Amino acid sequence: MDSYVDLDVVGVLENTDKSSAVRIGWDYLRHYERLFEAHRGQPVHVVEIGVFGGASLRMWKWFFPSARLTGIDIDPACQAHADDRVCIEIGSQDDTDLLDRVCGGDPPSIVIDDGSHTAQHRIATFQHVFPLMAPGGIYVIEDFAVHTASHAPADAASGVQEPPSGADYFVDIGRICFANGKVKTSRDIPAALTQLVDETVFFANAVALRKRDPRRDVERALATADSHFGKHRATAQGLENLAKYVVQHHGPLDRALALVQSAVDTHGASMSRSVMRAEIALASNDLEDVRQAVAHALDQRPGGLGIVLRLAKLQETLGDLDGAIRTVESAAAKSPQLGLLKRRLRELRTKARPTG
Ligand SMILES: C[S@@+](CC[C@H](N)C(=O)[O-])C[C@H]1O[C@@H](n2cnc3c(N)ncnc32)[C@H](O)[C@@H]1O
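Conventions and cut-offs
Residues numbered from 1 in each chain as written. Predicted model: local features only at pLDDT ≥ 70, side-chain atom pairs only at ≥ 80, totals over all residues. Heavy atoms only, no water. Domains from an automatic or database assignment. Helix = DSSP H or I, 4+ residues; strand = E, 2+ residues; numbered from the N terminus. Buried < 20%, exposed > 50% of the residue type's maximum accessible area, 1.4 Å probe, protein only. Phe/Tyr/Trp six-rings, centres within 6.5 Å; stacked < 30°, edge-to-face > 60°. Lys NZ or Arg CZ within 6 Å of the ring centre and 35° of its normal. Axes fitted to C-alpha atoms, helices over the stretch in contact; angles between N-to-C directions. Parallel < 35°, antiparallel > 145°, perpendicular 65-115°, else oblique. Left-handed = near helix turned anticlockwise from the far one by under 90°. Contact = heavy atoms within 4.5 Å. Near = heavy atom within 4 Å. Polar contact = N/O pair within 3.5 Å; in protein donor to acceptor, adjacent residues only side chain to side chain. Areas by Shrake-Rupley, 256 points an atom, 1.4 Å probe, with all protein chains shown as cover. Pairing = 2+ DSSP bridges.

### Overview of the domain arrangement of the protein
Buried accessible area, meaning the area lost when the parts come together, often serves as the stated size of an interface.
And then number 1: One can read the domain layout of the protein as domain 1 (7-211) and domain 2 (218-352).
And then number 2: Using only C-alpha atoms to locate each centre, domain 1 and domain 2 end up separated by 43 Å.

Structure (structure tokens):
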């Protein structure tokens, strides 16, 4: 694949107004080149809503040489742009059966909405398709300066009247994500949807939303750690953090255990190292090892608040609610004002109360 690409020039040659020099010249392609770079050589599914003369589909075919492409359009004449790598679906972008058919079996990594340009469709299509996308996928909505409906209907739940372009809806998603959900909006945007959004990028007349990808390349992380440890001293905290990272991201548990052991060998036993060992044993479903590691943790000098709460969680998992209560009580005795500990104690005591 070319080491240097200028997507804008290919857009100009193919005659799409996404480029900087065709008709209006929306000038999106500089942004797409950067945003889509990681997906470029991958065998991904790319969906574009709005085919028209097929200019952008031809450009995507060139930019994504290993991708499968689907174009959606209400105009049956667009079927002429189907070929060995391009599938054309005729129908409206608010047809959920059509969207399920296109995205259900082959989750797209890239979706570009260049269709009807109504607020209603922009929002409805995003709400339906974004959850169906592949992790790390990017959903773009174009041409906010253009809107073909006078007004979208008011939001049924909140009564908010969307302005004709629908831009404010996506600005609100950006605000919610930026403020970690702690922002007021009168729009009814489900938390289940905004929690999927990892990144919102606004540029002139368009927005790109990246879907969260919880996966990590643990092997690459461990190789990086090995090369780092080759030059830098491994601290106990660093080793424990890395063990937690490996467990959290479903990496090899024997490596996580070896990291904890290395922390114990070089820095001695501690409550946090035993808690970590118990969590690794739990991830391996070895309850006997969990019990042993928890007992060992209880023999150590108490760790910080986070460690104590993790220990209590392990005791709760083992069914030892009295033990979990004692663990949290001892931390609460030192920090009686902490609401977090009070809440946790209430929770555990309610669970421990005999029912009936
Ligand atoms: C701006 S053109 C697409 C241009 C094309 N993406 C390009 O860059 O070369 C918009 C297209 O959206 C289609 N369209 C309009 N309403 C639609 C709807 N409700 N669902 C799907 N496509 C729609 C139109 O038929 C038209 O072909």
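### Considerations on the environment of Ala124
And then number 1: Note that Ala124 resides in helix 5 (residues 119-129).
And then number 2: For Ala124, a relative accessible area of 34% translates into the label partly exposed.
And then number 3: Taking the C-alpha atoms as reference points, Ala124 and Arg215, separated by 91 residues in sequence, lie 28 Å from one another.

### Quick word on the packing of aromatic side chains
And then number 1: With the rule as written, the count across this model stands at 18 aromatic pairs.
And then number 2: Judged by centre distance (5.9 Å) and plane angle (10°), the rings of Trp26 and Tyr28 are stacked. The same class applies to Trp26 as to Tyr28, namely buried.
And then number 3: Aromatic ring contacts, followed pair by pair, group Trp26, Tyr28, Tyr32, Phe36, Trp60, Trp62, Phe63, Phe64 and Phe203 into a single cluster.
And then number 4: Looking at Arg40, its charged tip hangs above the ring of Trp62, at a distance of 5.2 Å from the centre.
And then number 5: For Arg122, the ring lying beneath its charged end belongs to Phe144, and the centroid distance is 4.6 Å.

### Here we look at the packing of helix 8 (residues 218-231) against helix 9 (residues 236-248)
And then number 1: Where helix 8 meets helix 9, the axes come as close as 11 Å, and the angle between the chain directions of the two elements is 165°. Relative to helix 9, helix 8 is oriented roughly antiparallel. Where helix 8 crosses over helix 9, the two elements pack in a sense that is left-handed. In this structure, helix 8 uses Val218, Ala221, Leu222, Ala225 and Phe229 to contact helix 9, whose residues at the interface are Leu239, Leu242, Tyr245 and Val246.

### Here we look at the site of the ligand
And then number 1: Near the ligand there are 17 residues, and of these Thr16, Gly50, Asp73, Gln93 and Asp114 occur at the shortest range.
And then number 2: Here an oxygen atom of the ligand sits 3.0 Å away from a polar atom, N or O, in the side chain of Thr16.
And then number 3: One of the side-chain N or O atoms of Asp114 is found 2.8 Å from a nitrogen atom in the ligand.
And then number 4: Bound to the protein, the ligand loses 83% of the 610 Å² it would expose on its own.

### Details of the pairing of strand 6 (residues 197-203)
For a regular strand, side-chain orientation follows a simple rule: the groups alternate between the two sheet faces.
And then number 1: In this structure, strand 6 lies alongside strand 7 (residues 206-211), joined through six bridges in antiparallel fashion. Looking across to strand 7, one finds that Val197 is bridged to Lys211.
And then number 2: A loop of two residues connects strand 6 with strand 7, the two strands running antiparallel in sequence, and Asn205 in this loop sits at a positive phi of about 70°.

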